[in-house]
Amino acid sequence: MVITDGTPLVLGSGSPRRREILTSLGVPIVVVVGSVDETVRANEDPETYLRRVVADKLVAAVAKLARAEDAPAVLVADTIVVVDGEILGKPRDERDAVALLTRIVGRTHRVQTRYALLVGGSIDGQRVERTVESLVTMRAANADVVARYAATGEGLDKAGAYAAQGIGTFLVERIEGSFTNVVGLPAREVVGDLMELGLLRDFPRAPE
């Protein structure tokens, strides 16, 4: 089975950024999201966290499929910001956003996205799992600039409290690696895996 308008890729993520990336590539998708605990556990390192959460997201998405046998593939992902070996999650509020941003301005941090791509709807089916890392260097910014950006609310639902594709781009001095990875999904790697698995044919397609 291949990905078509009639048999779309199942995206097990509620992230609008991931939907936008796949849609902009012309990949037909349907969103099916299960419930997963994304709380970082005590002494849990970034790699262990990503493996656990992505594995749980895959199980949760497959469990929500009404007819698993009709799915050509299921894709789930999780993105984290890492500074000094610590995962910076989404801010609790504007004040917390200021605290997170203060930690990353004027220095370089890592953005890691791990995704799992399951062929078909069976949890025991063939799968590809990959972690992609980008290095993001932020410009220096004083407390007033940080506070004003936090007050826009743009970063309140994003790891690290900023959006590289939005207003927050003014804080980004340099990105080494995949830009879409920083946004939430490494497009080159995902599309490459879909093609390698035979799930995307005649890609890219001209719009009808």
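About the cut-offs
- Residues numbered from 1 in each chain as written.
- Predicted model: local features only at pLDDT ≥ 70, side-chain atom pairs only at ≥ 80, totals over all residues.
- Heavy atoms only, no water.
- Buried < 20%, exposed > 50% of the residue type's maximum accessible area, 1.4 Å probe, protein only.
- Helix = DSSP H or I, 4+ residues; strand = E, 2+ residues; numbered from the N terminus.
- Pairing = 2+ DSSP bridges.
- Salt bridge = Lys/Arg side-chain N within 4 Å of Asp/Glu carboxyl O.
- Core = buried A, V, L, I, M, F, W, Y, C linked by side-chain atoms within 4.5 Å.
- Contact = heavy atoms within 4.5 Å.
- Axes fitted to C-alpha atoms, helices over the stretch in contact; angles between N-to-C directions.
- Parallel < 35°, antiparallel > 145°, perpendicular 65-115°, else oblique.
- Left-handed = near helix turned anticlockwise from the far one by under 90°.
- Nonpolar A, V, L, I, M, F, W, Y, C, P; charged D, E, K, R; others polar.
- Phe/Tyr/Trp six-rings, centres within 6.5 Å; stacked < 30°, edge-to-face > 60°.

## Notes on the pairing of strand E5 (residues 108-119)
Counting buried positions over the 12 residues of E5 gives nine, a clear majority of the element. Pairing between strand E3 (residues 73-83) and E5: 10 bridges, direction antiparallel. Across the sheet, residue Leu75 finds its bridge partner in E5, namely Leu117. Where E5 lies against strand E6 (residues 127-138), 11 bridges are found, and the strand directions are antiparallel. Counted as the bridge partner of Val111 is Ser134 from E6.

## Regarding the pattern of salt bridges
It is possible for side chains of opposite charge to pair when their charged atoms get near one another. Overall, the coordinates contain 17 salt bridges when judged by the stated rule. Glu133 is the partner of Arg110 in a salt bridge, and the nearest nitrogen-oxygen pair spans 3.1 Å. Linking Arg110 in strand E5 with Glu133 in strand E6, this pair joins segments that are 23 residues apart in sequence. Using a relative accessible area of 28% as the deciding quantity, one classes Arg110 as partly exposed. The network of salt bridges with shared partners includes Asp84, Glu86, Arg103 and Arg107.

## What to know about the nonpolar core
With 23 residues, the main nonpolar core has Leu101, Ile104, Val136, Met138, Tyr162 and Leu171 as its most contacted residues. Of all the secondary structure elements, the ones that give two or more residues to this core are E3, helix H3 (94-104), E6 and helix H4 (143-151). Ignoring anything within four residues of it in the chain, the contact list for Met138 reads Ile104, Val105, Gly106, Arg107, His109, Tyr162, Leu171, Val172 and Glu173. Within the second largest apolar cluster, 20 residues are counted, among which are Leu22, Val27, Leu194 and Leu199.

## Structural notes on the packing of H3 against H4
At their nearest, the axes of H3 and H4 sit 9 Å apart, and the two run at 135 degrees to each other. By the angle between their directions, the pair H3 and H4 is classed as oblique. In this structure, H3 meets H4 at a crossing whose hand is right-handed. Contacts between H3 and H4 involve Glu94, Ala97, Val98, Leu101 and Thr102 from the former and Val146, Ala147, Tyr149, Ala150 and Ala151 from the latter. Looking at the contact of H3 with H4, its residues break down into eight nonpolar, one polar and one charged.

## With respect to the environment of Gly26
When you line up the elements, Gly26 lands in the loop between helix H1 (16-24) and strand E2 (29-31). Taking the C-alpha atoms as reference points, Gly26 and Phe203, 177 residues apart in sequence, are found 8.9 Å from one another.

## So, the pairing of E6
The sheet contact formed by E6 and strand E7 (residues 172-176) spans four bridges and is antiparallel. Note that in E7 the partner of Val136 across the bridge is Ile175.

## Examining the packing of aromatic side chains
By the definition in use, this model includes one aromatic pair. Relative to Phe170, the ring of Tyr149 lies with its centre 6.0 Å away and its plane at 70 degrees, an arrangement referred to as edge-to-face. Placement of Tyr149 in helix H4 and of Phe170 in the loop between H4 and E7 is noted, with a sequence separation of 21 residues between them. Overall, the relative accessible area of 3% leaves Tyr149 in the buried class. Phe170 gets classed as partly exposed once you look at its relative accessible area, which sits at 34%.

## Some remarks on the environment of Ile167
Tracing the sequence through the fold places Ile167 in the loop between H4 and E7. Separated by 18 residues in the primary sequence, Ile167 and Tyr149 place their C-alpha atoms 8.0 Å from one another. Excluding residues within four positions of it along the chain, Ile167 makes contact with Tyr149, Thr152 and Glu154.

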